[in-house]
Amino acid sequence: MENWKNSARAFWASMLPPTFWLVAFFIIPLSIIWLYSFSTKTGIIETTLDWNLEHYARALEPVYLGIFWKSIWMAAATTAICLVVAFPVAIAIVFAKPTMRMWLLLLVILPFWTNLLIRTYALIAVLRTNGFINNGLDWLVTHADWLLSFVGLGNNMLIGPYQPMALLYNNTAVIFGLVYVHLPFMVLPLYAALDRLDRTYLEASLDLGAGHFRTFFLIVVPLALPGIASGVIITFIPAMGSYLTPDLLGGTDSYMIANVIASQFKQANNWPFGAALSFLLMYATFFALALRAVLMRKEGRGDRR
């Protein structure tokens, strides 16, 4: 009986469906958009492929470069905050009891079960002027008299009426929303890296007199670098290309590059320029992935030495 692993029929039966799906729904549409980036708009909906670089040159104008840099620093701030918040969360999950660990991982994955649009509107309900945060602070200020009486101040200290904070439609709200959306993408790779950590290194470090902070920075962080690199990549790239979060939570000065791309395809109806912006963002993504691959290869060569 022929081994199914060596059967050409089995090979093609398993390879053709995913290959067809990849080519038909990813490579061909992406190639069409790539061709649009070298085209010229000749009418309202007409374009001509003339292999020009006009739209790429336009994308490098200061106004668009400013939006690119703004998208980069907002994505970088999001990634840094996610890393700081996710590290203790991942450590807590790793050192939790096995039964509790499953529930904690479920809580991390749970947001993926809800649509992003619903989660963003829920965040709007929290941050808006009459949202949960402002209403909660308003209640605390309004009912602060009993606390003043408790500490003996009575009515000698007056607290003015609470002025709601502007928590929505600014850059801070966008970064908060991006952290809220992308935090699980940082927790999971950190957990995977820390779960493989040999705990005898931690015990040896503590036994030799190193404190917890020193052990963390000299032992845990270096051993978790692959997870950190993976978490940074899969957090930074989606955050930089985020469209819905800045569109719903940001103001007029909070547009990121994905919002500009969407406006070129929709409102401006300038598909060639939108395609050029899209591929500049994709080129940056490929560069980040290539840089990570090179660093991981160098790290692998260093380990073999």
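Residues numbered from 1 in each chain as written. Predicted model: local features only at pLDDT ≥ 70, side-chain atom pairs only at ≥ 80, totals over all residues. Heavy atoms only, no water.

Colleague: It is not clear to me how unusual backbone geometry should be interpreted in this structure. Could you clarify?
Modeller: With the exception of glycine, most residues fall at negative phi, and the peptide bonds are largely trans. We note that Tyr169 has phi near 60°; this positive angle belongs to a residue other than glycine. Relative to the helices and strands, Tyr169 is located in the loop between α7 (145–150) and α8 (171–195). Of note in this structure, Asn269 is not a glycine but carries a positive phi near 55°. (Helix = DSSP H or I, 4+ residues; strand = E, 2+ residues; numbered from the N terminus.)

Colleague: Would you mind showing me how to read the packing of helix α4 (residues 98–109) against α8 here?
Modeller: Helix packing for two helices is described by the angle between their axes and how far apart those axes are. Their axes nearest at 9 Å, the elements α4 and α8 cross at an angle of 150°. When the interaxial angle is binned, α4 and α8 end up roughly antiparallel. Residues Arg101, Leu105, Val108 and Ile109 of α4 form the contact with α8, whose own contacting residues are Pro184, Val187, Leu188, Tyr191 and Asp195. Class assignment for the residues of the contact of α4 with α8 results in seven nonpolar, no polar and two charged. (Axes fitted to C-alpha atoms, helices over the stretch in contact; angles between N-to-C directions. Parallel < 35°, antiparallel > 145°, perpendicular 65-115°, else oblique. Contact = heavy atoms within 4.5 Å. Nonpolar A, V, L, I, M, F, W, Y, C, P; charged D, E, K, R; others polar.)

Colleague: Would you take a moment to explain the packing of helix α3 (residues 62–94) against helix α13 (residues 257–265) for this structure?
Modeller: Close contact between α3 and α13 brings their axes to 8 Å; oriented N to C, the two are set at 135°. Overall, the two elements α3 and α13 adopt an arrangement that is oblique. Each of Tyr64, Ile67, Phe68 and Ser71 in α3 lies in contact with α13, whose residues at this interface are Ile257, Val260 and Gln264. Partitioning the contact of α3 with α13 into residue classes produces five nonpolar, two polar and no charged.

Colleague: I would appreciate a short explanation of a nonpolar patch on the surface in the present structure.
Modeller: On the surface, Trp34, Leu35, Leu49, Trp51, Tyr283, Phe286 and Leu289 cluster together to form a nonpolar patch covering roughly 660 Å² of accessible area. Listing elements by their share of the nonpolar patch, those giving two or more residues are α1 (8–36) and α14 (271–304). The topology assignment puts Trp34 in helix α1. (Patch = residues over 30% accessible without salt bridge, like charges linked within 9 Å, V, L, I, M, F, W, Y side chains within 5 Å. Areas by Shrake-Rupley, 256 points an atom, 1.4 Å probe, with all protein chains shown as cover. Salt bridge = Lys/Arg side-chain N within 4 Å of Asp/Glu carboxyl O.)

Colleague: What is the right way to read the nonpolar core from this model?
Modeller: Here is a general trend for soluble globular proteins: nonpolar side chains tend to be buried in one another's company. Within the largest apolar cluster, 24 residues are counted, with the highest numbers of intra-cluster contacts made by Phe87, Ile93, Leu190, Tyr191, Leu194 and Val220. Every element with two or more residues in this core is listed here: α3, α4 and α8. Among the elements that line this core, the one with the most residues is α8, at nine residues. Look past the residues within four positions of Ile93 in its chain and what remains in contact with it is Arg101, Leu104, Leu105, Val108, Val187 and Tyr191. Listed in part, the 13 residues of the second largest apolar core include Ile67, Ala239, Ile257 and Leu281. (Core = buried A, V, L, I, M, F, W, Y, C linked by side-chain atoms within 4.5 Å. Buried < 20%, exposed > 50% of the residue type's maximum accessible area, 1.4 Å probe, protein only.)

Colleague: Just checking my understanding: could you explain the layout of surface pockets for this structure?
Modeller: Empty space among the atoms becomes apparent when a probe as large as a water molecule is rolled across them. In this structure, the largest pocket spans a volume of roughly 520 Å³. Breaking the lining of the largest pocket down by element, the ones donating at least two residues are α3, α11 (225–240) and α14. Here the lining of the largest pocket is composed, by residue class, of 19 nonpolar, two polar and two charged. For the second largest pocket, the calculated volume is near 220 Å³. Along its surface, the second largest pocket is lined by Ile91, Val94, Phe95, Leu194, Leu197, Leu202, Glu203, Leu206, His212, Thr215, Phe216 and Val220. At the level of elements, α3, α9 (199–207) and α10 (212–223) are the ones that each hand at least two residues to the lining of the second largest pocket. Among the elements that make up the lining of the second largest pocket, the one with the highest residue count is α10 (four residues). (1 Å grid on protein atoms, 1.4 Å probe; cavity = no way out; pocket = protein on both sides within 12 Å on 5 of 7 lines; lining within 4 Å. Points joined across faces, edges and corners; volume = space filled by probe spheres on them.)

Colleague: Could you clarify how one ought to interpret the packing of aromatic side chains in this entry?
Modeller: Pairs of aromatic rings are described using the distance from one ring centre to the other and the angle between the two planes. Evaluated as defined, the whole model comprises 13 aromatic pairs. Ring centres of Trp34 and Phe38 lie 5.0 Å apart, and the angle between their planes is 75°; on these two criteria the pair is classed as edge-to-face. On the basis of relative accessible area, Trp34 is assigned to the partly exposed category, the value being 32%. Ring geometry for Phe279 and Tyr283: centres 5.9 Å apart, planes at 55°, overall tilted. Taken as a pair, Phe279 and Tyr283 lie in helix α14 at a separation of four residues, close to a single helical turn. Under the relative-accessibility criterion, Phe279 is labelled buried at 7%. Residue class for Tyr283 comes out partly exposed when judged on its relative accessible area of 35%. Joined through ring pairs, the aromatic side chains of Trp34, Phe38, Trp51, Tyr56, Phe279 and Tyr283 make up one cluster. Here the basic side chain of Arg58 rests over the ring of Phe273, its NZ or CZ set 4.0 Å away from the ring centre. Geometry around Phe95 places Arg199 over its ring, the cationic atom sitting 4.5 Å from the centre. (Phe/Tyr/Trp six-rings, centres within 6.5 Å; stacked < 30°, edge-to-face > 60°. Lys NZ or Arg CZ within 6 Å of the ring centre and 35° of its normal.)

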